[in-house]
Amino acid sequence: MRLVTYRDSEGIHIGALKDSVVVLLDVIAPNMLTLIDGGDEALMAARDMLERAEVTKSVNDVQLLAPIPRPRQNVVCIGMNYVAHAVESNKARGLEPKLPEYPVFFTKAPNTVCALDDEIPLDPRVTQQMDYEVELAYIIGRGGKNISRNDALSHVFGYTIVNDISARDLQMKHQQFYKSKSLERSCPMGPCIVTADEIPDPGVLGIRLRLNGEVRQESTTGDLIFDIPATIESLSSGAEIEAGMIVSTGTPSGVGMGRIPPEYLRVGDVMEAEVEGIGVLRNRIVAAQ
Ligand code: MG
């Protein structure tokens with residue numbers, strides 16, 4: 001299923017996409033996190049409703065929001081998780097190319113999440129080095145602790161796309177990722193969650209980002225240094241991970257920081273972050289008010 005959260009004249013709802021219509025799932029759960037908490041039973045009920053498609057709306061008549069507009073906790077991200085990107089990142093900082101031995105985890109604040117077509121404000125007084133990062137993200141469906149790699153994918157509810165907007169100058173100044181990755185609307189997410197049953201192998205998906213129509217990042221999730229099972233095993237080691245947790249798996253090479261000379265985002269730029277089987281997440285940069 002392709003699950004969405006959307007707004008119409010009556011409020012905010014959840015639904016499932018079927019061709020060009022949204023099938024309302026409100027009677028099963030009031031929001032995506034409650035649907036996730038409902039487990040297999042809620043998913044089966046949703047599938048049943050999707051098949052019957054009794055109450056629908058045209059996609060054109062609704063405004064898609066991020067599938068989880070306000071996560072319960074910070075969005076967990078993994079840094080330097082593609083070989084070529086780890087090399088370009090280190091090179092841009094004048095460091096030796098070195099691959100991480102363990103996943104590099106950091107987080108983005110929950111209120112950075114925004115949706116398809118939301119405009120991303122750029123304030124030159126705050127950052128002059130705003131950059132894009134297309135990423136495959138997964139959502140935990142069933143929590144747990146000390147989850148083994150073999151069992152890891154059974155804990156995944158589904159997959160979405162994140163554009164991990166990053167202020168490189170703040171990254172350097174603060175020596176940590178949180179501030180540079182948590183500016184206003186720096187976590188575009190969507191357009192939908194594709195449930196895990198429809199992506200049996202998340203390690204073979206094409207991933208790319210177009211900037212103003214030009215391909216800047218292009219890879220496959222097969223190039224991840226730490227694949228999804230490895231990151232779940234690591235995150236849950238000695239720590240409970242909870243349903244609804246969003247984990248963004250890292251970005252391939254081709255970011256603005258890695259170009260010679262570097263090219264950062266400018267007002268008017270349009271980013272299209274795409275992951276095969278999920279869709280396209282489009283956002284424009286605007287001048288901050
Ligand atoms: Mg990233």
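Residues numbered from 1 in each chain as written. Predicted model: local features only at pLDDT ≥ 70, side-chain atom pairs only at ≥ 80, totals over all residues. Heavy atoms only, no water.

## A few points about the coordination of the magnesium ion
Those protein atoms acting as donors to the magnesium ion are Glu133 (OE), Glu135 (OE) and Asp164 (OD), and they sit at 2.0 to 2.1 Å. Counting along the primary sequence, the residues that act as donors to the magnesium ion give the motif E-x1-E-x28-D. Linking Glu135 in strand β11 (residues 134–140) with Asp164 in the loop between β12 (156–163) and β13 (166–167), this pair joins segments that are 29 residues apart in sequence. (Donors = N, O, S within 2.8 Å, 3.2 Å for Na, K, Ca; no water. Helix = DSSP H or I, 4+ residues; strand = E, 2+ residues; numbered from the N terminus.)

## Notes on the domain arrangement of the chain
How big an interface is tends to be expressed through the accessible area that disappears when the partners come together. According to the domain assignment, the chain consists of domain 1 (2–65) and domain 2 (75–287). The C-alpha-based centres of domain 1 and domain 2 are spaced at 26 Å. At the junction of the two partners, domain 1 supplies 12 residues and domain 2 supplies 17 residues. Three residues, Arg2, Leu3 and Ile36, lead the burial of domain 1 against domain 2; their summed loss comes to 50% of the area buried on that side. Joining domain 1 to domain 2, the criterion identifies 1 salt bridge. One can count 4 residue pairs in polar contact (both at pLDDT 80 or more) joining domain 1 with domain 2. Residue assignment for the side of domain 1 that touches domain 2 shows that the elements contributing at least two residues are β1 (2–8), α1 (32–37), α2 (39–52) and β5 (63–65). The element best represented in the side of domain 1 that touches domain 2 is α1, accounting for 5 residues. Looking at the side of domain 1 that touches domain 2 residue by residue, the class counts come to 9 nonpolar, no polar and 3 charged. (Domains from an automatic or database assignment. Contact = heavy atoms within 4.5 Å. Buried area = accessible area lost by both parts, 1.4 Å probe. Salt bridge = Lys/Arg side-chain N within 4 Å of Asp/Glu carboxyl O. Polar contact = N/O pair within 3.5 Å; in protein donor to acceptor, adjacent residues only side chain to side chain. Nonpolar A, V, L, I, M, F, W, Y, C, P; charged D, E, K, R; others polar.)

## So, the sheet that holds strand β18 (residues 270–275)
A sheet is described by the order of its strands in space; here 5 strands give the open sequence β9-β19-β18-β15-β16, paired in mixed fashion. Every other strand in the sheet has two partners, leaving β9 (119–122) and β16 (214–220) as the edge strands with one partner each. For this sheet, the mean angle separating the axes of adjacent strands, direction not counted, is 20 degrees. Pairing analysis gives 4 bridges linking β9 to strand β19 (residues 279–287), with the strands arranged parallel. (Pairing = 2+ DSSP bridges. Axes fitted to C-alpha atoms, helices over the stretch in contact; angles between N-to-C directions.)

## As for the packing of aromatic side chains
According to the stated counting rule, one finds 1 aromatic pair in the structure shown. Ring geometry for Phe106 against Phe177: centres 4.6 Å apart, planes inclined by 40 degrees, an arrangement best described as tilted. On the criterion of sequence distance, the pair formed by Phe106 in strand β7 (residues 104–108) and Phe177 in helix α6 (residues 177–180) is long-range, its members being 71 residues apart. (Phe/Tyr/Trp six-rings, centres within 6.5 Å; stacked < 30°, edge-to-face > 60°.)

## Topic: the pairing of strand β6 (residues 75–79)
Put simply, side chains in a regular strand alternate between the two faces of the sheet. Summarising burial for β6: 5 of the 5 residues are buried, a large majority. Burial along β6 is two-sided: the residues Val75, Cys77 and Gly79 and Val76 and Ile78 are all buried. The sheet contact formed by β6 and β7 spans 5 bridges and is antiparallel. When the bridges of β7 are listed, Cys77 appears paired with Phe106. (Buried < 20%, exposed > 50% of the residue type's maximum accessible area, 1.4 Å probe, protein only.)

## Structural notes on the nonpolar core
Judged by nonpolar contacts, the single largest core of 50 residues is most densely connected at Met130, Tyr138, Tyr159, Ile232, Met271 and Ile278. Here this core takes 4 residues from β11, the largest share from any one element. Built from parts of two domains, this core gets at least three residues from each of domain 1 (2–65) and domain 2 (75–287). When near neighbours in sequence (up to four residues on either side) are disregarded, Met271 contacts Ile120, Tyr132, Asn163, Ile165, Leu209, Arg210, Leu211, Leu265, Leu281, Arg282, Asn283 and Ile285. Core analysis: the next-biggest nonpolar cluster, separate from the first, contains 32 residues, Ala16, Leu33, Leu35 and Val75 among them. (Core = buried A, V, L, I, M, F, W, Y, C linked by side-chain atoms within 4.5 Å.)

## Topic: the side chain of Thr195
Along the polypeptide, Thr195 turns up in strand β14 (residues 187–195). Polar contacts involving the side chain of Thr195 include one to the side chain of Asp197, which spans 2.6 Å. Excluding anything up to four places from it in sequence, Thr195 contacts Met1, Leu3, Leu43, Phe157 and Gly158.

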